[in-house]
Amino acid sequence: MQLKFFDSPAARKIFLTTSLLVGLSISFIIFVLFLQTSVVSRGRLIFAAVLFILMAGTHYFIALRWANPKLHVIYQNEPGVIVVCLILPLLFLPLIYNPPSYPISPLLRNWTDIAIQFESAANSQSVRFYASDIKLINEKNAIDVQAFNAVGDWQSTGEVFVLKPGSIASLQWVGTVAQSATLTILAPPTDGLLTVYWDRTKTIIELKGGAQRQVVLARKFSIPFAVSVSFFGAEYILLVIIFLVITIFLKDRIVLGARLKRIGFYYWLIFIAVLLSIVLVRIQVESLNGGAAYITSVQMTRHLDVLRGQAPNPWQYRILSEIVAEFFIFIFSFLPLQRAVVLGFIVFRVLQNTVIFLVAFALYKKLSLSNGMALLGIVLLAGTMRGAFYDADLAFNTYFDVIFYLLAALLILNRHYFWVVILTVFASLNRETSGLIPFLLLAAILNDNQPAKKNLTPFFISLAVFFAIFSALRFLIPDRPLFIPYGQPPGPALLIYNLTREFTWNQLFQTLGLIPIVGMLFYFTWPSLWRNYFLVLCPVWFAIHIWASVVGETRLFLVPQALIFIPGSLFALKYVKAFNQPREA
């Protein structure tokens, strides 16, 4: 007997709930992007309400009459596909999500609470000031004392406020504010205390007789959390619907792999890799403070410092990427120097990205046995890289690090263990973080089910190579002073700085998204080798970087994302897609 869920009252309730959510999502997004006004407009609110009803009703009718039977078939045969449509937006959306601008409408803005308390000394003269002496500058509007609520023993004539000696009174205001607001107070010339409570902050100013004192307090507000979350949720709901519609249309109609194969799949792969690389490098160059001018000044100076042995520790010992960068400058040396530098550096970065995507595709295909999954993997990796440009130059050594780790994993999967030793030579010259590559090799050898391959010699040689190069670089190059990022020395100070800085967590989410969470939720589906890789790499990697680096510079986490978490998400999708509920007899 076939399942009749999609014909049941429960299914209709689900379709109705989904339709209401879709209607709310569309009307909310359109209101935020196009319908906001600085004063609440009834007409626009009515328009948004009508749009909600139309969108919800249209979706319910189409879902019930057209999508219902098609989803029923998919639900019967491959229920995992529906779950994949729910998971995919969680992987993609955080990587491409841009929150809306700070709201214009008072309905969506932050509320703030201000209390200005005056405490007059008993032996002093009265507190006396005019309404214009206190102003809250809220965007282009200036609010004076008359808009505040006077609490206490004030003697007011509308324009003048007086407080007797030995008294305490306050002025309070609650309302919505623009992205930035400034409170100015011309404190009266009297003895006492002025205390300003602004949301969760408290500022105490001691007043003294003789002269007035200007007090200026400014605050900048971020987008309200509820608005940002609602906007994200609305986009997620619409993406899920889009994925479901695409699934219904493409199901059993287009065999993507077969068609791509007929027109040369690998030509398309190279084209996609190059295109993604060019787009990402352009975004990266635009993110620099000055673009190409930054490359010819700041980045070129850092590059030359490494070549001359004058860079700080640890930059000084990351020589491979700078040697290769110098080679690319030499290739374009027929051009004027500045153009040769810019063109050489940019071509180098484009090639790095292209190699990353091609090697990542090869690795992801070997793990998933699917061209489609592998393509999905490199798109997720591109989305991750798009969010990793904060406070960085072109970061050649970081992207070389990603290449070496992906290559190491691919060589290990193919059981070319001694080739990993050669790879370790180049990786060690590039960056000290390559020191975990030998331990990935160790995890693979111990996990290998072929007794003939359980030879630890490649591991010991690879580890010895790393330590030999690590030590030789520091012996041959004079000791350099340690680089102190943001004035926070590595250790407890930098740890606290990383963990307590709100920007850190925002940047991590923007770069890594929900990919690590989705992958870890399905940790039980990972192959044993990848579970071992996670244990070998991630705890050490995150601990070292939180202790000794600025976590907000999220390019530092491209290696675990590319090597561990994106494959983990692909394992999750593969598991869910293959999961079929047993049919009722």
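Residues numbered from 1 in each chain as written. Predicted model: local features only at pLDDT ≥ 70, side-chain atom pairs only at ≥ 80, totals over all residues. Heavy atoms only, no water.

### A short note on the nonpolar core
- Residues Tyr 364, Trp 530 and Ile 564 are the most contacted members of the largest nonpolar core, which totals 102 residues.
- Contact partners of Tyr 364, with chain neighbours within four places excluded, come to Leu 369, Ala 374, Gly 377, Ile 378, Leu 381, Ala 562, Ile 566, Pro 567 and Leu 570. (Core = buried A, V, L, I, M, F, W, Y, C linked by side-chain atoms within 4.5 Å. Buried < 20%, exposed > 50% of the residue type's maximum accessible area, 1.4 Å probe, protein only. Contact = heavy atoms within 4.5 Å.)

### Considering a nonpolar patch on the surface
- A cluster of nonpolar residues, Phe 61, Ile 62, Trp 66, Val 245 and Phe 249, forms a patch on the protein surface that exposes about 450 Å² of accessible area.
- For the nonpolar patch, the secondary structure elements donating two or more residues are helix H2 (42-77) and helix H4 (225-250).
- Among the elements that line the nonpolar patch, the one with the most residues is H2, at three residues.
- Its location among the elements puts Phe 249 in helix H4. (Patch = residues over 30% accessible without salt bridge, like charges linked within 9 Å, V, L, I, M, F, W, Y side chains within 5 Å. Areas by Shrake-Rupley, 256 points an atom, 1.4 Å probe, with all protein chains shown as cover. Salt bridge = Lys/Arg side-chain N within 4 Å of Asp/Glu carboxyl O. Helix = DSSP H or I, 4+ residues; strand = E, 2+ residues; numbered from the N terminus.)

### Description of the environment of Glu 502
- Relative to the assigned elements, Glu 502 resides in helix H16 (residues 502-512).
- Here Glu 502 falls in the exposed class, since its relative accessible area comes to 58%.
- For Glu 502 and Gly 552, which are 50 residues apart along the polypeptide, the C-alpha to C-alpha distance reads 9.5 Å.

### A few points about unusual backbone geometry
- In this structure, the amide linkage connecting Asn 313 to the following residue, Pro 314, adopts the cis form with an omega of 10°.
- By secondary structure assignment, the location of Pro 314 is in the loop between helix H7 (292-308) and helix H8 (319-331).
- The phi angle at Ala 395 is positive, at roughly 50°, despite the residue not being glycine.
- Within the secondary structure, Ala 395 is located in the loop between helix H10 (371-386) and helix H11 (396-413).
- Positioned with a positive phi, Arg 415 is a non-glycine residue whose angle comes to about 60°.
- Looking at where Arg 415 falls in the secondary structure, it is placed in the loop between H11 and helix H12 (417-430).
- When its relative accessible area of 30% is taken as the criterion, Arg 415 is described as partly exposed.

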